[in-house]
Structures are given as structure tokens and as C-alpha cells.
Amino acid sequence: MKYSVDPDITKASTLPGSYYQDVEMYDRSKTGIFSKFWQYVGDAEEIKSPGFVCPKLLLPGFLDEPILLTRDLADQTHCISNVCTHRANLVAEQPGNERVLRCRYHGRKFELDGTFVSMPEFEQAKDFPSEKDNLPNIEMQSLGDLLLFTAFNPHVPFDEYLKPVMDRVGFMPMNEFQFDPSRSRDYLVDAHWALYCDNYLEGFHIPYVHSSLNEILDYGEYNTELFDYGNLQLGIAEGGELSFDLPKGHQDEGKEVAAYYYWLFPNLMLNFYPWGLSVNVVQPLAIGRTRVSFRTYVWKPELLDQGAGSGLDRVEREDEIVVESVARGLRSQNYDSGRFSPTREQGVHQFHRLLVEFG
Ligand code: FES
Ligand SMILES: [Fe+2]
């Protein structure tokens, strides 16, 4: 590995600028990082009733993996490969309602769980059909019956991955959250995907970059807690600003929590506010180009325009400006790497350590 980051933040330097231009590392991260950690693939709503099928590309422009979300006739959900086991045509082309999947190239049929059903002109084929003729199943899990995730080669089980989040904010009835398309949108950023995460992973810049958010959060109380494959930035409200109504006995009882900002390695952000959840999915498109999808799931609509969870579009655009500025600065011949603030940049340090470990 050509990169290293000291485990001791007081001694460590950041990843060098060259990392963010390293095409080999960018390509390697597809299998080394992105296939090993859970990726958001869609909402349970998209396969709402038995017979629904919904083709997707996992991380379009990056992994480009054709997958198919289905709900079979027995009401079980599945994520299967959407690549025909004959000669690799894509099986389902459109979302729809099906009893059986039929490849339109040469007519091979599959059950909605991917099991091979039939194939014309194969009577003479020996040892056919075999296991290999089924569409491969990919593990799929859901967060609160709402968001669906898959991983091709999971490094940790989903429950373990999400445990630090659920232990803390599991009191919110996520099954009742409603997706709000009018408050959801994608942002395109001219920067390496990891730069977008670097910026998210510290609240250090809030007083400098986000003047409005800075009035809502108590910077002195802002705090980062690390766990194995992610971290929590706990945003505490300035006096009088909106905070969570926490259940009795909750570990944060007595604190005025304005926001729970969770980041899960490598590219998922789950931002919980008193009104609900803002999900940010950071998606690489090219080494210097990133799409960030903001998806809004509302629990208490009456709280939407208050506190740290309001004005998210403004905050995002403020972030985008600095992230793109850093992307240009990192290409300078006069910059190699920098040092971490031991009190304010623990999250970025952890991220760089994980990039090196899995890269
Ligand atoms: S590629 Fe699907 S039947 Fe031939
Ligand atoms: Fe920011």
C-alpha cells in the first residue's frame, strides 16, 4: 500500500493530494471498499406489493451493477442479479408487475426470486439446468422497513453495521417516515467522492462556512464519537433552538440534541433531526466528479423548517463551494498533505485510516 496514515491523530498527516487523483486507487475501491460495505439501493415502497419488480444499476457510473429488486408472490423481497444467466442480456428493463421474469433475448424464464424456470431449445444440453442457471441472489436488508441496502461481499453483517445508529435513534418510528420527493434532490460536485466525505466528517468548518447553521448549533458542545465503521457527530442546540424530545432513560436525556449526524463508511450519511431523516448518498461518477443524493424522510412535518434540520439546501451549497475549492487546491504542486486537529478532526482521521485499510 503506497499510502499510510498514523493511527495516532496527534502525529498523523492527512492523505496526500495525490490520493485524490489516483485512478488505480479509485478503481480498486470498487471491490476493496464499495462492494464490502452496505449500499443504499432504493426504498421498500418501490416494490410495494407482490409481483412488483424494479431494475436498478447499483452506483450508476461507478459499479454499474445491474440488479433487480423484486417482491415475490409469497410477499418476500429479493435483490437478484438482473443479468441473464444465458448470454448476459438484462432481464427486466422496466419497473412493473410480473408473475415470472422472461428474458426477451431467447426466452429464458425465472421466478421472481431468481430461480431458473425454463429455456427453449436446451433439451439436449447436458447437466442443465444447474445452480449456475439461477439468477444470483444478493443479500438485501432494510432500515426501518423503509430504505433497502445490499452488499456484494459484506465485511460486517448489516445489523452490526447499523447497530450504533439503532441503539441511539431506534426510538424514532422509522416505519412511519414518509419519503418527500419535493424535498429531495441530487447535487453534482466537481470533486473526488472522498473529499465530500472529508468535509462532512468535521464540524470544525461550521463557524467559518455555515453562518446560519452556526447560530443554531452550540459549537463548544459539538462532539464526534467514533465506532468501528462510522461515527456520530452530535449537534447540540444553542439555547432555545429546536431539539429532540427524547424518551425517558435515553442516554442523551438532559442534552438538547439538535441533530444526530451519522456517517457510515464509506459513503452513507444518515442525518436525524426532530422532523425525521435526511439521507445523503455519496456516489462517485468519475475520479473528480461526484453525485450526492439528498433524500428526505419526514416523521413530524410541522418541525420541518426549524432548527438544525432546516435550510439544508443552503448548507449543502456552502459545503459544495469549499469542497470544489479543496479539489482544486489538492492538485497544487505546492501542497502535499496537512495535519489533523486532534480535537476537531477525529472523523476525518478515522476515514483516512479506513481508506488506507480497505484500499
Ligand atoms: S440472454 Fe437471456 S435468454 Fe439468452
Ligand atoms: Fe458543512
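It should be emphasised that the depicted structure is a prediction, and the values quoted were computed from it without experimental measurement.

A.B. asks: Even after reading the chapter, I still don't get the nonpolar core, so can you show me in this structure?
C.D. replies: Soluble globular proteins tend to bury their nonpolar side chains together. Within the largest apolar cluster, 104 residues are counted, with the highest numbers of intra-cluster contacts made by Tyr260, Phe265, Leu270 and Phe272. Examining the composition of this core, we find that 8 residues originate from one element, strand E16 (residues 257-264), more than from any other. Sequence-distant contacts of Phe265, that is, excluding residues within four places in its chain, are made with Ile33, Phe37, Tyr161, Tyr229, Gly230, Phe351, Leu354, Leu355 and Phe358. Core analysis: the second largest hydrophobic core is formed by 11 residues, Leu101, Cys103, Phe110 and Leu135 among them.

A.B. asks: When you look at the sheet that holds strand E3 (residues 65-71) in this model, what are you seeing that I'm missing?
C.D. replies: Strand pairs in the sheet, formed through backbone hydrogen bonds, run parallel or antiparallel to each other. Here we have 5 strands laid out as an open sheet, ordered E5-E2-E3-E4-E9, and antiparallel in their pairing. Each edge of the open sheet is held by one strand with a lone partner, namely strand E5 (96-97) and strand E9 (137-138). Two strands pair when backbone bridges link them, and strand E2 (residues 52-58) and E3 are joined in this way by 6 bridges, in the antiparallel orientation. Considered in E3, the bridge of Leu58 is made with Glu65.

A.B. asks: Looking at this model, I keep getting lost on the coordination of the iron ion (ligand 2). Mind explaining?
C.D. replies: Ideal values differ by geometry: the angle at a metal is 109.5 degrees with four tetrahedral donors, but 90 or 180 degrees with six octahedral donors. Coordination of the iron ion (ligand 2) by the protein involves His205 (NE2), His210 (NE2), Asp319 (OD) and Asp319 (OD), with metal-donor separations of 2.0 to 2.6 Å. The site at the iron ion (ligand 2) holds 4 donor atoms, and with the angles between them running 54 to 149 degrees, its shape is irregular. For the iron ion (ligand 2), all donor residues lie on one chain, and their spacing in sequence is H-x4-H-x108-D. Assessed through its relative accessible area of 11%, His205 is described here as buried. Look at His210 and you get buried, because its relative accessible area is 1%.

A.B. asks: I keep staring at the side chain of Thr224 and nothing clicks. Help me out?
C.D. replies: Turning to its location among the elements, Thr224 is positioned in strand E14 (residues 223-227). Assessed through its relative accessible area of 14%, Thr224 is described here as buried. The residues contacting Thr224, other than those within four sequence positions of it, are Asn231, Leu232, Gln233, Gln346 and Gly347.

A.B. asks: Is there a simple way to think about the state of the cysteines in this case?
C.D. replies: A covalent bond bridging the sulfur atoms of two cysteines is what the word disulfide describes. Scanning all chains against the criterion turns up 0 disulfides. Looking at Cys54, it has no disulfide partner, and the nearest cysteine sulfur is the one in Cys79, 11 Å off. Since its relative accessible area comes to 1%, Cys79 is described here as buried.

Calculation rules
- Residues numbered from 1 in each chain as written.
- Chains lettered and ligands numbered in written order.
- Predicted model: local features only at pLDDT ≥ 70, side-chain atom pairs only at ≥ 80, totals over all residues.
- Heavy atoms only, no water.
- Core = buried A, V, L, I, M, F, W, Y, C linked by side-chain atoms within 4.5 Å.
- Buried < 20%, exposed > 50% of the residue type's maximum accessible area, 1.4 Å probe, protein only.
- Helix = DSSP H or I, 4+ residues; strand = E, 2+ residues; numbered from the N terminus.
- Contact = heavy atoms within 4.5 Å.
- Pairing = 2+ DSSP bridges.
- Donors = N, O, S within 2.8 Å, 3.2 Å for Na, K, Ca; no water.
- Tetrahedral: all angles 85-135°; square planar, octahedral: opposite > 155°, others 65-115°.
- Disulfide = S-S within 2.5 Å.

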